[in-house]
Each structure stands twice: as C-alpha cells, then as structure tokens.
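Chain by chain, the residues run as shown.
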Amino acid sequence: QLVLVESGGGLVQAGDSLRLSCAASGRTFSSYGMGWFRQAPGKEREFVASINGNGGATYYADSVKGRFTISRDNAKKTVYLQMNTLKPEDTAVYYCAADPNPLNYGLEEEMYDYWGQGTQVTVSS
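Cut-offs and rules
- Residues numbered from 1 in each chain as written.
- Predicted model: local features only at pLDDT ≥ 70, side-chain atom pairs only at ≥ 80, totals over all residues.
- Heavy atoms only, no water.
- Pairing = 2+ DSSP bridges.
- Helix = DSSP H or I, 4+ residues; strand = E, 2+ residues; numbered from the N terminus.
- Salt bridge = Lys/Arg side-chain N within 4 Å of Asp/Glu carboxyl O.
- Disulfide = S-S within 2.5 Å.
- Buried < 20%, exposed > 50% of the residue type's maximum accessible area, 1.4 Å probe, protein only.

> What should I look at first to understand the pairing of strand β3 (residues 18-26) in this one?
Within a regular strand, side chains alternate between the sheet's two faces. Of the strand pairs in this sheet, strand β1 (residues 2-7) and β3 are connected by six bridges, and their pairing is antiparallel. Looking at β3, one finds that L4 is bridged to A24. Direction of pairing for β3 relative to strand β8 (residues 78-83): antiparallel, over a ladder of six bridges. Pairing of L18 across the sheet is with M83, part of β8.

Below, the structure written as structure tokens:
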C-alpha cells in the first residue's frame with residue numbers, strides 16, 4: 001500500500017511559479033513510476049507529466065512542455081512538479097499518482113494504482 005500526499009498548491013498570478021510536492025509513505029518509493037495529473041472545473045482529468053522509478057526518464061504533456069519539470073528524490077520518497085510561467089489555463093486540482101512498474105512513465109490513468117487527494121492550483125490573469 002502506498003499513501004500519497006500532495007502539497008504546494010495555491011493562488012498565484014500569471015507568469016509566477018509554484019512547486020508541488022507529493023510525499024509517499026509505505027513501500028519502496030523507487031519501485032514506482034510517478035505521474036502528475038490535473039483536473040480543471042468541468043473538464044476531465046488529464047495527464048501532465050511522469051517520471052520512471054530511478055528518475056532517468058520523463059514525459060510531458062505538450063501543454064506544459066518547456067514550462068513544467070518533474071523530478072523525484074527517492075531518499076525523501078517525494079516527487080516534485082516545478083511549474084514556471086503559469087497561465088490561467090493551468091488552474092486545476094493537481095494529483096500525483098503511482099504506477100507499480102518502476103520502468104513506466106506513462107500517461108494513461110489506468111496504469112496508476114495509487115492517487116493522492118489533490119492540491120488546488122489557481123492562476124489569476
């Protein structure tokens with residue numbers, strides 16, 4: 001069992017930066033591929049970024065590529081999402097998720113078995 005807790009969300013202005021954190025407790029963190037997803041009001045949840053178990057491979061949605069960076073610290077059992085040059089359209093609840101295959105860093109929700117409760121990010125124009 002893996003428990004995920006996100007933090008770092010908040011209200012910022014367009015162009016600002018935020019760093020989200022997702023702390024894991026439970027089993028060996030490096031055994032999981034990790035992903036960030038987001039859900040805006042009235043929209044379906046969508047993939048944002050993912051990283052494999054050792055942090056050597058990452059994947060980004062086109063909408064955030066070049067602005068967001070996913071990283072992980074396996075010793076701290078934490079995955080991060082550095083978000084720069086935020087836009088109003090980035091407003092959403094952000095979720096981290098864990099895939100039990102450390103080789104994976106995919107974008108499909110069904111690959112992820114464990115989910116956090118989410119953290120709200122609001123970007124004002």
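Back to the write-up after that little detour.
> It is not clear to me how the pattern of salt bridges should be interpreted in this structure. Could you clarify?
Close approach of charged atoms lets side chains of opposite charge pair. The final tally for this structure, using the stated rule, is five salt bridges. Overlapping salt bridges bring together R38, E46, R67 and D90 as one network.

> How should the state of the cysteines be read in this particular structure?
Think of a disulfide as a covalent bridge from one cysteine sulfur atom to another cysteine sulfur atom. Applying the stated criterion across every chain, the model contains one disulfide. Put simply, C22 and C96 are joined by a disulfide, and their sulfur atoms are 1.9 Å apart. With the S-S dihedral at roughly 50 degrees, the linkage between C22 and C96 falls on the right-handed side. Note that C22 is positioned in strand β3 and C96 in strand β9 (residues 92-99), a separation of 74 residues in sequence. The class for C96 is buried, based on a relative accessible area of 0%.

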